[in-house]
Amino acid sequence: FTYSIYNGSMQVEEIVQNKSQPNYSTLNYTPSSPGSYTCRVTGSIYTVNGYYTSSATSAPISVNSPLSLDGIDVSSLYGEINRPVTFRAVTSGGVGTKSYVFQMFKDGKQVNTITSASNTYTYTPTSVGQYYCVAMVKDDVETIYLTKTSGMVTVTAAMAFPNVNVNTTSCGIGTKVVFT
């Protein structure tokens, strides 16, 4: 048998196996790059009428890039109490459905953990401190989570503006107005 391996329309390898080899009708192949692979098997037999050649092509096999957790985007590195901060896990590659775990830390201590099908996590800090998020992701093939840590988010108390009073609501040109 001749096994011709294709990635898309380009042949990437040809392997010939004959009957003297054990398991000559089976081929183990490991793709080395992402793509859509097929295998065309061609075989010949000798009959009284001469050689007869036949071939068949497999269904395509989709080979994906390995899962990668490239970083964590943060909506802002400066936050205020009771104002949400959003973290987004940036991933590429992978197979099938991805699942995420987000862990929130304040001043080095874990304060929250969620598991999600979404790559975004929104946290609303309730006190002043230094916050960061650890994101983990796995896909249908990975058995362990890949992990990244976000940048530090500094949360301060909301700035309170004083009331501004004015001594009049109407005046003429040249009239002094007092704001306190």
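Every value quoted in this text rests on a predicted model; they were computed, and no experiment measured them.

### Thoughts on the environment of V128
- Mapped onto the secondary structure, V128 falls in the loop between β11 (120–123) and β12 (129–138).
- Taking C-alpha positions, V128 is 59 Å from I5, a pair spaced 123 residues apart along the chain.
- Ignoring anything within four residues of it in the chain, the contact list for V128 reads I81, K106, D107, V155, T156 and A157.

### Digging into the confidence of the model for the protein
- When pLDDT is averaged along the protein, the result is 86, and 94% of the positions lie at 70 or above.
- Of all the helices and strands in the protein, strand β4 (residues 50–57) carries the lowest mean pLDDT, 79, while β11 carries the highest, 96.

### A closer look at the nonpolar core
- Counting residues in each nonpolar core, the largest one holds 17 residues, and the members touching the most others are F87, F102, M104 and Y121.
- Elements represented by at least two residues in this core include exactly β6 (68–74), β8 (85–92), β9 (99–106), β11, β12 and β14 (153–156).
- The element contributing the most residues to this core is β12, with four residues.
- Contact partners of M104, with chain neighbours within four places excluded, come to F87, K109, Q110, V111, N112, Y121, Y123, Y131, Y132 and C133.
- With six residues, the next largest nonpolar core counts Y3, I5, Y37 and V63 among its residues.

### Describing the pattern of salt bridges
- By the definition in use, this model includes three salt bridges.
- The partner of D73 in a salt bridge is R88, with the nearest N and O atoms 2.4 Å apart. Here the residue D73 occupies a position in strand β6, and R88 occupies one in strand β8, the gap between them amounting to 15 residues.
- Given a relative accessible area of 35%, R88 falls into the partly exposed group.
- Close ionic contact of E80 with R83 constitutes a salt bridge, the shortest N to O distance being 3.3 Å.
- Take E80: its relative accessible area is 23%, and that puts it in the partly exposed class.

### Quick word on unusual backbone geometry
- For N82, which is not glycine, the phi dihedral falls at a positive 65°.
- Tracing the sequence through the fold places N82 in the loop between β7 (78–80) and β8.
- In this structure N82 comes out as exposed when scored by relative accessible area, which is 56%.
- At D107, a residue that is not glycine, the phi angle is positive and equals roughly 50°.

Definitions and limits used
Residues numbered from 1 in each chain as written. Predicted model: local features only at pLDDT ≥ 70, side-chain atom pairs only at ≥ 80, totals over all residues. Heavy atoms only, no water. Helix = DSSP H or I, 4+ residues; strand = E, 2+ residues; numbered from the N terminus. Contact = heavy atoms within 4.5 Å. pLDDT = per-residue confidence, 0-100. Core = buried A, V, L, I, M, F, W, Y, C linked by side-chain atoms within 4.5 Å. Buried < 20%, exposed > 50% of the residue type's maximum accessible area, 1.4 Å probe, protein only. Salt bridge = Lys/Arg side-chain N within 4 Å of Asp/Glu carboxyl O.

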